[in-house]
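# Summary of the model geometry
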Amino acid sequence: MQCFSFIKTMMILFNMLIFLCGVALLAVGIWVSVDGPSFMKIFGPLSSTSMQFVNVGYFLIAAGAVLFALGFLGCYGAQTENKCALMMFFFILLVIFIAEVAAAVVALVYTTTAENFLTLMVVPTIKKEYGSQKDYTQVWNSTMEGLKCCGFNNYTDFEDSPYVKENNVFPQYCCFDHDNGTLVEPCTSVEAQNQKVEGCFNQLLYDIKTNAVTVGGVAAGIAGLELAAMIVSMYLYCNLK
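Residues numbered from 1 in each chain as written. Predicted model: local features only at pLDDT ≥ 70, side-chain atom pairs only at ≥ 80, totals over all residues. Heavy atoms only, no water.

### Considering the environment of Ile92
- Turning to its location among the elements, Ile92 is positioned in helix α5 (residues 83-109).
- Since its relative accessible area comes to 27%, Ile92 is described here as partly exposed.
- Not counting residues within four places of it along the chain, the set of residues in contact with Ile92 comprises Leu70 and Leu73. (Helix = DSSP H or I, 4+ residues; strand = E, 2+ residues; numbered from the N terminus. Buried < 20%, exposed > 50% of the residue type's maximum accessible area, 1.4 Å probe, protein only. Contact = heavy atoms within 4.5 Å.)

### Focus: the state of the cysteines
- In the structure shown here, the tally under the stated rule is three disulfides.
- There is a disulfide in this structure between Cys149 and Cys200, and the S-S distance comes to 2.0 Å. Looking along the S-S bond of the Cys149-Cys200 disulfide, the torsion reads about 80 degrees, which is the right-handed sense. Residue Cys149 is found in the loop between α7 (134-147) and α8 (162-167), and its partner Cys200 is found in helix α10 (residues 200-210); the two are separated by 51 residues along the sequence.
- Cys149 gets classed as buried once you look at its relative accessible area, which sits at 0%.
- One disulfide bridge connects Cys150 with Cys174, the sulfur atoms lying 1.9 Å from each other. Between Cys150 and Cys174 the sulfur-sulfur dihedral comes to about 75 degrees; the bridge is accordingly right-handed. With Cys150 in the loop between α7 and α8 and Cys174 in the loop between α8 and β1 (176-177), this pair connects stretches of sequence that are 24 residues apart. Comparing Cys150 with Cys174, the two get one shared label, buried.
- For the protein, the disulfide bridges join cysteines in the arrangement 1-6, 2-3, 4-5, where the cysteines are counted in sequence order. (Disulfide = S-S within 2.5 Å.)

### Let's talk about the pattern of salt bridges
- Enumeration over the complete set of coordinates arrives at one salt bridge.
- One salt bridge in this structure joins Glu81 and Lys8, with 3.2 Å as the shortest N-O distance. One end of the pair, Glu81, is in the loop between α4 (56-80) and α5; the other, Lys8, is in helix α1 (residues 2-34), with 73 residues separating them in the sequence.
- Residue classification places Glu81 among the partly exposed positions, given a relative accessible area of 37%. (Salt bridge = Lys/Arg side-chain N within 4 Å of Asp/Glu carboxyl O.)

### Examining the confidence of the model for the protein
- Mean pLDDT over the protein: 80, with 84% of residues reaching 70 or higher.
- Mean pLDDT per element in the protein: helix α3 (residues 45-53) is the minimum at 47, and α8 is the maximum at 91. (pLDDT = per-residue confidence, 0-100.)

Set out below in structure tokens:
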């Protein structure tokens, strides 16, 4: 009985933390959706890099909503000893866990396919909006400055963009000299070709691989917490009358 009470208390506290994290993510997600530029100014290159591949605002709102629901179900189910809420909590966590495993497998096996798919989405947008849309241009500039990269694949992504048509040069980050750490200006087509600055997608993959131990540790930690939460919720469910 003492063990049951202890696990029940820990379940409530753990899910209270999840609930609060969900509220925080919802708040940040709404902030990013309403005022994205101020978010990028505060959090810098990392946030702008993320915004190239996903709509951060909607992603945070979705993640926050899921955590909010999970935290509520876990707290409510443990506190009131409601078997239905505990089973829903277990089922949602199980679906998330399976989705994460599937996403990890797809990311590892189909990296090239993902790159080709993103290229078809991102590159045409660069050619259309870089230099004409202020916020979009600012996001890319922050990304390229932070990662020391150029475009999605390379400097050719900016060909025929409003920026190149207006200025007859490529973004200065496409002419970064890694040997002396300086920007070569003006960044002409010939200079950009000579510098061969890596595209941001490949640079991002390189950074992830370089920090593979940290990324893997975080992923393993999250998976462990999810498994532990599922085990605890099922233990409470099975021991309720």
